[in-house]
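Spelled out, the chains give:
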Amino acid sequence: MGLNARPAPPRYRSTRAEGAAEVSFAEALERGLAPDGGLYVPTSIPRLDAAWTEAATFGDVVEAVLRPYLAEEEADELVGLARDALDFPVPLRGLARDRALLELFHGPTLAFKDVAARVMARWWGASLRRRGGRALVLVATSGDTGSAVADAFAGIAGLSVAILYPAGGVSPAQEAQLTVRRPNTVAFAVAGSFDDCQRLAKGAMVDPELAHLGLTSANSINVGRLLPQVCSFAWATLQHGRRDPSAAPPTVVVPSGNLGHLTAGLVAAAMGVGIGAFVAAHNANDYFPRYLAGDAPAFAFPGTVATHANAMDVGAPSNFERLHALFGDGFPVPIRGVGVDDAAILRRMAAVSEEDDVLVDPHTAVGLEAVERVRAEGEGGPAIVFATAHPAKFPEVVAQALPGVRATHPRLEGLQGAPRRVVPLPASDAALREALRDLPLG
Ligand SMILES: *Cc1c(COP(=O)(O)O)cnc(C)c1O
């Protein structure tokens, strides 16, 4: 394809209003949620250039995946920022029996959320530099998003961050990461579940009384989170193919909660990344597996239950709406859904430690357990499980699965005793409105 033949990049539309105004990527990024409360989706999914498989590094893959989404005049800058942001390794680690782990947890907060948060923060910084002004990023977190976003956004000129997390719903290590004092950042410990936090965040975003704050979202509802995550799927299959050029396209197993990662995977498949099938690996919050099996109607979400894999404790996955708008019931490759309860998570953590001599976190264990479940039903072939967090973020669960084992990481040890900034908050729109109005941020 000649340079002049570069197709126009997609525009972005709301999931809710068919035919409503389409916006540019920059606008969709800054708004987060569309004005009608829907999520932005690209109007088309570009195909990867055939030469993408020649990419030598993760950075090259990032470039090949993101460039077709960006307008000519912004592409060089935004691709460069994404390459800078993804400066940590994302290795594929082989296990016995044709399984592999894509280790996505080597970023600063030790979970895969760093991948997208770091790219999005830099993109935001660029957009604020261009147009001036300030913004307040409001992020609801089930554990990992808040610290990844705060770490990525703190210190970017013009941006403040407010985190909403379920009080008592995150591990002590996660809480230390969420509440550590950072410039222009405050954490709210909400008396409620993650779904409450998500509801509060969505409500504030469309609250006319808060319009002056320039509120925006860094949750996986933001397209700025979706696109960088697509790169991980391309990088996983590229490493898989290089290891064994005759290998079948892998089944990619995605430990899922809000379905942001899986939606990105489907986008990757639609772009032409060679994925044989997906497994949506959920904990006991198994709405999506039940939906896939035809046992739950679309959008009939149940409440949330607390599990050992708490970053996936999501009853009402917000990306379901995006996934539905993009693909309806016609997915580009088959998806199987699996729900894994807490007892099976602990057993799998112990089994993997025994069989593979690898310590995994509870979310990754959900994925590894899902591999066994689909194989037991006769689905063979190579499996890549996305390893979404470092086990040291969940030392209590590790100790329960493997008595006597201490999961540690120097970066987390360093947070013990660091100064914190946390504000308790009732789970009500009015309380959040008050708190945001009085926010002592620069
Ligand atoms: C957020 C998270 C998930 C779930 O990802 P979604 O995109 O919300 O489906 C899985 N594992 C970990 C460790 C997470 O932080």
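Rules used throughout
Residues numbered from 1 in each chain as written. Predicted model: local features only at pLDDT ≥ 70, side-chain atom pairs only at ≥ 80, totals over all residues. Heavy atoms only, no water. Helix = DSSP H or I, 4+ residues; strand = E, 2+ residues; numbered from the N terminus. Buried < 20%, exposed > 50% of the residue type's maximum accessible area, 1.4 Å probe, protein only. Lys, Arg positive; Asp, Glu negative; His and termini not counted. Salt bridge = Lys/Arg side-chain N within 4 Å of Asp/Glu carboxyl O. Polar contact = N/O pair within 3.5 Å; in protein donor to acceptor, adjacent residues only side chain to side chain. Contact = heavy atoms within 4.5 Å. Core = buried A, V, L, I, M, F, W, Y, C linked by side-chain atoms within 4.5 Å. Axes fitted to C-alpha atoms, helices over the stretch in contact; angles between N-to-C directions. Parallel < 35°, antiparallel > 145°, perpendicular 65-115°, else oblique. Left-handed = near helix turned anticlockwise from the far one by under 90°. Nonpolar A, V, L, I, M, F, W, Y, C, P; charged D, E, K, R; others polar. Pairing = 2+ DSSP bridges. Near = heavy atom within 4 Å. Areas by Shrake-Rupley, 256 points an atom, 1.4 Å probe, with all protein chains shown as cover. Right-handed = clockwise from strand over helix to strand, strands pointing away.

Novice: Describe the side chain of Asp313, and please don't skip the residues or the numbers.
Specialist: Assignment of secondary structure puts Asp313 in the loop between helix 10 (287-292) and helix 11 (320-327). Although Asp313 is buried, it forms no salt bridge, and the closest oppositely charged side chain is Lys113 at an N-O distance of 11 Å. A polar atom in the side chain of Asp313 sits 2.9 Å from the side chain of Asn283. Among residues more than four places away in sequence, those in contact with Asp313 are Phe194, Asn283, Asn285, Thr304, Val305, Ala306 and Thr307.

Novice: Help me get a handle on the nonpolar core, residues and values and all.
Specialist: If you look at the biggest cluster of nonpolar residues, it comprises 95 residues, and the most contacted ones within it are Phe153 and Phe278. Ranked by residues supplied to this core, first place goes to helix 8 (residues 223-243) with 10 residues. Counting 41 residues, the second-largest nonpolar core is a separate cluster that includes Ala309, Val397, Val398 and Leu415.

Novice: Now, about the pattern of salt bridges: what can you tell me, with residues and values included?
Specialist: All told, the structure shown has 25 salt bridges when counted by the stated rule. The partner of Glu355 in a salt bridge is Arg99, with the nearest N and O atoms 3.6 Å apart. A residue pair is termed long-range when its members are at least 10 positions apart, and Glu355 in helix 12 (residues 342-356) and Arg99 in strand 4 (residues 99-103) qualify at 256 residues. By relative accessible area, which is 37% here, Glu355 ends up partly exposed. Using a relative accessible area of 3% as the deciding quantity, one classes Arg99 as buried. The partner of Arg406 in a salt bridge is Glu413, and the shortest N-O contact between them spans 3.8 Å. Salt bridges sharing common partners tie together Asp60, Glu63, Arg67, Asp76 and Arg83.

Novice: Which residues make up the packing of helix 9 (residues 260-271) against helix 11, and what values do they have?
Specialist: Close contact between helix 9 and helix 11 brings their axes to 9 Å; oriented N to C, the two are set at 20 degrees. As summarised for this structure, helix 9 and helix 11 are arranged roughly parallel, according to the angle between their axes. Handedness of the crossing formed by helix 9 with helix 11: left-handed. Contacts between helix 9 and helix 11 involve Leu262, Thr263, Leu266, Val267 and Ala270 from the former and Arg322, Leu323, Leu326 and Phe327 from the latter. A class-by-class count of the residues in the contact of helix 9 with helix 11 yields seven nonpolar, one polar and one charged.

Novice: Lay out the sheet that holds strand 12 (residues 383-387) with the relevant residues and their values.
Specialist: The strand order 3-4-12-9-10-11 describes an open sheet built from six strands, whose pairing is mixed. Either end of the sheet is taken by a strand with one partner, and the two such strands are strand 3 (92-95) and strand 11 (335-339). Shown here is a sheet whose adjacent strand axes are inclined to one another by a mean of 25 degrees, direction ignored. Across five bridges, strand 4 lies against strand 12 in parallel orientation. Bridge pairing links Glu103 to Ala387 in strand 12. Docked against the sheet, helix 9 engages strand 9 (251-255), strand 10 (277-282), strand 11 and strand 12, running at close to 180 degrees with respect to strand 10.

Novice: Could you give me a rundown of the pairing of strand 12, with the residues and numbers involved?
Specialist: For strand 12, the tally of buried residues reaches five of five residues, placing the bulk of the element in the interior. Where burial is concerned, the two faces of strand 12 agree: the one with Ala383, Val385 and Ala387 and the one with Ile384 and Phe386 are both buried. Two elements, strand 9 and strand 12, share three bridges in a ladder whose sense is parallel. Bridged to Thr251 within strand 12 is Ala383.

Novice: Please provide a residue-by-residue account of the site of the ligand, values included.
Specialist: Lining the immediate surroundings of the ligand are 15 residues, of which Lys113, Asp144, Gly257, Asn258 and Thr388 lie closest. Interatomic distance of 2.8 Å between a backbone N/O atom of Gly257 and an oxygen atom of the ligand. Leu259 is positioned with one of its backbone polar atoms (N or O) 2.9 Å from an oxygen atom of the ligand. Notes on the ligand: free accessible area 380 Å², of which the protein chains cover 98%. Of the residues assigned to the shell around the ligand, the class counts are six nonpolar, seven polar and two charged.

Novice: Got a sec to walk through the pairing of strand 6 (residues 159-166)? Specific residues and values, please.
Specialist: Summarising burial for strand 6: eight of the eight residues are buried, a large majority. Residues Leu159, Val161, Ile163 and Tyr165 line one face of strand 6 and the alternating positions Ser160, Ala162, Leu164 and Pro166 line the opposite face, and both faces are buried. Inspection of the sheet shows strand 5 (residues 135-140) paired to strand 6 by six bridges, in the parallel sense. The residue of strand 6 that forms the bridge with Ala140 is Leu164. A crossover links strand 5 with its parallel partner strand 6, the connecting element being helix 5 (residues 145-153), and its sense is right-handed. As defined by bridge partners, strand 6 adjoins strand 7 (residues 185-191) across six bridges and the pair is classed as parallel. Each bridged residue has a counterpart across the sheet, and for Ile163 the counterpart in strand 7 is Ala187. For the crossover from strand 6 across helix 6 (residues 172-179) to strand 7, the handedness is right-handed.

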